[in-house]
Amino acid sequence: MSSQSEIIWESRYRYLETQFEFLVTNLSTIVEAGDRQSGGAKLMIRKIIIKDIEDGKLIYCVADGTNLGFCFEVYRDTKLVHSTGYQRLNSYLVEDLRAVNRCRVKVISYESNKEVEEWKKV
């Protein structure tokens, strides 16, 4: 890549970076204002997405609420194989697919100390 192309690419990247930061900042302001008006976002799991990737399956949890923690538990039939414990990360990689066939995702709001959970076939 020529130095001129590199300069153009870098300037465009920096511009996109500032636009993204602006959007994220304003979105969080709007969400926080809405939470204050409604007395806080209702804790709920919107969906659990399981995506096949090269290393296994990636489980994502999309949830509403404030100050959330996510716990991923994977099972083989009724036997618990692995639990992540509560974490801020909303995804978990299942590498040994032979060992599991179901997962349970638990979401907690540390703010309201409420918890919801949902089961999904892997």
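Q: Got a minute to help me understand the overall build of the protein chain in this structure?
A: Assigned secondary structure in the protein chain consists of one helix and seven strands. The order of helices and strands in the protein chain, counted from the N terminus, is α-β-β-β-β-β-β-β. Per-residue burial over the protein chain gives 25% buried out of 122 residues. Sequence separation of 24 or more characterises 47% of the internal contacts of the protein chain that already satisfy a separation of 6 or more. Accessible surface computed for the protein chain: about 8900 Å², of which carbon and sulfur atoms make up 53%.

Q: Would you explain the environment of threonine 84 in this entry?
A: If you trace the backbone, threonine 84 turns up in the loop between strand 4 (79-83) and strand 5 (91-94). According to the relative accessible area criterion, threonine 84 is partly exposed, its value standing at 23%. Threonine 84 sits 14 residues away from phenylalanine 70 along the chain, and the two C-alpha atoms are 8.5 Å apart. For threonine 84, the contacting residues outside a window of four places in its chain are Phe70, Cys71, Phe72 and Tyr92.

Q: Looking at this structure, I do not really get the sheet that holds strand 6 (residues 102-109). What am I missing?
A: The pairing of strands in a sheet comes from backbone hydrogen bonds and takes either a parallel or an antiparallel form. The strand order across the open sheet built from four strands is 4-3-6-7, with neighbouring strands paired in antiparallel fashion. Among the strands making up the open sheet, the edge pair consists of strand 4 and strand 7 (114-121). Neighbour-to-neighbour, the strand axes of this sheet turn through a mean angle of 25°, independent of strand direction. Strand direction decides the pairing type here: strand 3 (residues 68-76) and strand 4, joined by four bridges, are antiparallel. Across the sheet, residue glutamate 73 finds its bridge partner in strand 4, namely serine 83.

Q: It is not clear to me how the sheet that holds strand 1 (residues 44-53) should be interpreted in this structure. Could you clarify?
A: Taken together, three strands build an open sheet; the order of strands is 1-2-5 and the sheet is antiparallel. The open sheet terminates on both sides in strands that have one partner only, identified here as strand 1 and strand 5. Strand-to-strand twist across the sheet, computed as the mean angle between neighbouring axes with direction ignored, equals 20°. Relative to strand 5, strand 2 (residues 56-64) runs antiparallel, the two being bridged by four bridges.

Rules of the game
Residues numbered from 1 in each chain as written. Predicted model: local features only at pLDDT ≥ 70, side-chain atom pairs only at ≥ 80, totals over all residues. Heavy atoms only, no water. Helix = DSSP H or I, 4+ residues; strand = E, 2+ residues; numbered from the N terminus. Buried < 20%, exposed > 50% of the residue type's maximum accessible area, 1.4 Å probe, protein only. Contact = heavy atoms within 4.5 Å. Areas by Shrake-Rupley, 256 points an atom, 1.4 Å probe, with all protein chains shown as cover. Pairing = 2+ DSSP bridges. Axes fitted to C-alpha atoms, helices over the stretch in contact; angles between N-to-C directions.

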